[in-house]
Amino acid sequence: MGSDLQQPGPDIHVIDTHTGGEPTRVVFGGGPDLGGGTAAEQLELFRADWDNFRSAVVNEPRGSDVMVGALLVAPTNANCCTGVIFFNNVGYLGMCGHGTIGVVAALAYRGAIARGDHRIETPVGEVSAELLEDGRVAVENVASYRYRAGVSVDVPDYGLVTGDVAWGGNWFYLVTSGPEERLELVNTSRLTDVTLRIRDALAKAGVTGAADGYIDHVELFGPPRDAANNSRNFVMCPGGAYDRSPCGTGTSAKLACLAADGKLEAGEVWRQESITGSVFECTYRDAPGGILPRITGSAFVNAESRLILSPSDPLRWGIRA
């Protein structure tokens, strides 16, 4: 997939999906020619030369701060059904769990893949995705691990917060203790403010992931609304919008922390509930230096359309700060 992508023209062929409430806009045609190479190499060219295309696809007036884009590109491994570059309103994501589920749903909608296992190349490595008989998608993510445990930071005008730093395809700070917050949709303005302040405090305190990786996601946890689930979360994403789904990479980071603490065994099911009530069903298997999480969820196709970039439109490349 992705080999037919052309230099951006007047029309961009997209399929919109949502995974547990979190949207993914999958670009099937009309994207830039990124010259081949690995997904990581194509991402760097995309970032350097075509950031306006990213903005045009996901920012207003065509998109929103919540939208995640997925540009399909040619994979380097013939065993992969596609390569993909994920992006949002402010930049790029190494991996995106809900987005991968959305990509698989969009490929299935177009008849490009059948039920069964498929490999997908992302900028941070290959992942596998199984399209199940019931239409759900199970993604085995990249190796995930806890980098630091029990990291405390003083958040101005809020208080002391303690959490773990973990990798799940992106860098996360998973709050384990601090002021109690009510994880409900009516409280998202408050939760957004809190998590953004925590992220700022982490940066000012010099708390990072491995190799100075910027922690661009912050995750809060609380008791689930549905007793069938294990936990409820609120996840702040890089662009200042919260994840409507339970967050695939965030749940991968959560599983890595649970495994490191001996609170979840390999193969044991963890049901992660999101702020909207949607659920990912998760397990993991052991891997060198961490775990391989398997995240199962559902995505639904919302629309198939063509985005029009009119040369006379002064905002054709999107609205951005």
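Conventions used here
- Residues numbered from 1 in each chain as written.
- Predicted model: local features only at pLDDT ≥ 70, side-chain atom pairs only at ≥ 80, totals over all residues.
- Heavy atoms only, no water.
- Phe/Tyr/Trp six-rings, centres within 6.5 Å; stacked < 30°, edge-to-face > 60°.
- Helix = DSSP H or I, 4+ residues; strand = E, 2+ residues; numbered from the N terminus.
- Buried < 20%, exposed > 50% of the residue type's maximum accessible area, 1.4 Å probe, protein only.
- Lys NZ or Arg CZ within 6 Å of the ring centre and 35° of its normal.
- pLDDT = per-residue confidence, 0-100.
- Contact = heavy atoms within 4.5 Å.

Undergrad: Please clarify how the packing of aromatic side chains should be interpreted in this entry.
TA: In this description, an aromatic ring pair is defined by two values, namely the gap between the centres and the angle between the planes. On inspection of all chains with the given rule, the structure shows seven aromatic pairs. Between the aromatic rings of phenylalanine 46 and tyrosine 92, the centroid separation amounts to 5.5 Å while the plane-to-plane angle is 70°, which identifies the pairing as edge-to-face. On the criterion of sequence distance, the pair formed by phenylalanine 46 in helix H1 (residues 39–49) and tyrosine 92 in strand S5 (residues 92–93) is long-range, its members being 46 residues apart. Judged by its relative accessible area of 0%, phenylalanine 46 is buried. Grouping aromatic residues by their ring pairs yields a cluster made of Phe46, Phe53, Phe87 and Tyr92. Positioned above the aromatic ring of tyrosine 242, the side-chain terminus of arginine 244 is 3.8 Å from the ring centre.

Undergrad: Just checking my understanding: could you explain the confidence of the model for the protein chain for this structure?
TA: Fine structural detail should not be taken from predicted coordinates in areas where pLDDT scores are low. Mean pLDDT over the protein chain: 95, with 97% of residues reaching 70 or higher. Between residues 1–7, whose pLDDT stays under 50, and residues either more than four places distant or in other chains, the model counts 30 contacts.

Undergrad: I would appreciate a short explanation of unusual backbone geometry in the present structure.
TA: For residues besides glycine, phi is generally negative; the peptide bonds are generally trans as well. Cis geometry is found at the peptide bond from glutamate 60 to proline 61, where omega equals 15°. Relative to the helices and strands, proline 61 is located in the loop between helix H2 (51–58) and strand S3 (68–73). Residue aspartate 157 is not a glycine yet carries a positive backbone phi of 60°. Judged by its relative accessible area of 78%, aspartate 157 is exposed.

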